[in-house]
Amino acid sequence: MREPVTPVPFGTGDRPTTVDVEALAATLRDEVDGEARFDAGSRGAYSTDGSNYRQVPLGVVVPRSVDDGARAVRACTRFGAPVLSRGGGTSLAGQTTNAAVVVDWAKYCDALWRRACCAAR
């Protein structure tokens, strides 16, 4: 059973003031090779870090590659959704929690690679 989704207010000025979370979730599931988690359990798990802060995210994307993460960010941009990049979630001051789409790099993107553009220097 799908939980009801209400538009979330965001943005100022010329930016969108609401995010269609259901449409964003569907788009991310279509465009991202990794995981797109918008269920209550995943959102609850990513709402905390090592601090006392709790901010429930719009959803969570676990990209399988850097390009996958870039596709997720582009999709979020089209919907006007804020994005929060997260590593291990070990912050002690709330930096890894926010009402945004959390991109969690820790599961699949766990190594640094030297890009061809950098190797040419």
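Look a little higher up for the structure.
Residues numbered from 1 in each chain as written. Predicted model: local features only at pLDDT ≥ 70, side-chain atom pairs only at ≥ 80, totals over all residues. Heavy atoms only, no water.

K.L.:
Got a sec to walk through the nonpolar core? Specific residues and values, please.
P.N.:
Residues Leu24, Leu28, Ala81 and Val101 are the most contacted members of the largest nonpolar core, which totals 15 residues. Listed by contribution, the elements that provide at least two residues to this core are helix 1 (21-31) and helix 3 (66-79). With four residues, helix 1 is the single largest residue contributor to this core. Those residues in contact with Ala81, other than ones at most four positions away along the chain, are Val19, Leu24, Leu58, Cys76 and Val101. In this structure, Tyr46, Val60, Ala100 and Val102 belong to the second largest nonpolar core, which totals six residues. (Core = buried A, V, L, I, M, F, W, Y, C linked by side-chain atoms within 4.5 Å. Buried < 20%, exposed > 50% of the residue type's maximum accessible area, 1.4 Å probe, protein only. Helix = DSSP H or I, 4+ residues; strand = E, 2+ residues; numbered from the N terminus. Contact = heavy atoms within 4.5 Å.)

K.L.:
Give me the lowdown on the sheet that holds strand 4 (residues 59-62), citing residues and values where you can.
P.N.:
Taken in spatial order, the four strands of this open sheet run 3-4-6-5, and their pairing is mixed. Edge positions in the sheet fall to strand 3 (35-37) and strand 5 (83-86), since each has one partner strand and no second. Neighbour to neighbour, the strand axes of the sheet diverge by 20° on average, direction disregarded. Where strand 5 lies against strand 6 (residues 101-104), four bridges are found, and the strand directions are parallel. Bridge pairing links Val83 to Val101 in strand 6. (Pairing = 2+ DSSP bridges. Axes fitted to C-alpha atoms, helices over the stretch in contact; angles between N-to-C directions.)

Any functional reading would require information beyond the geometric quantities listed.
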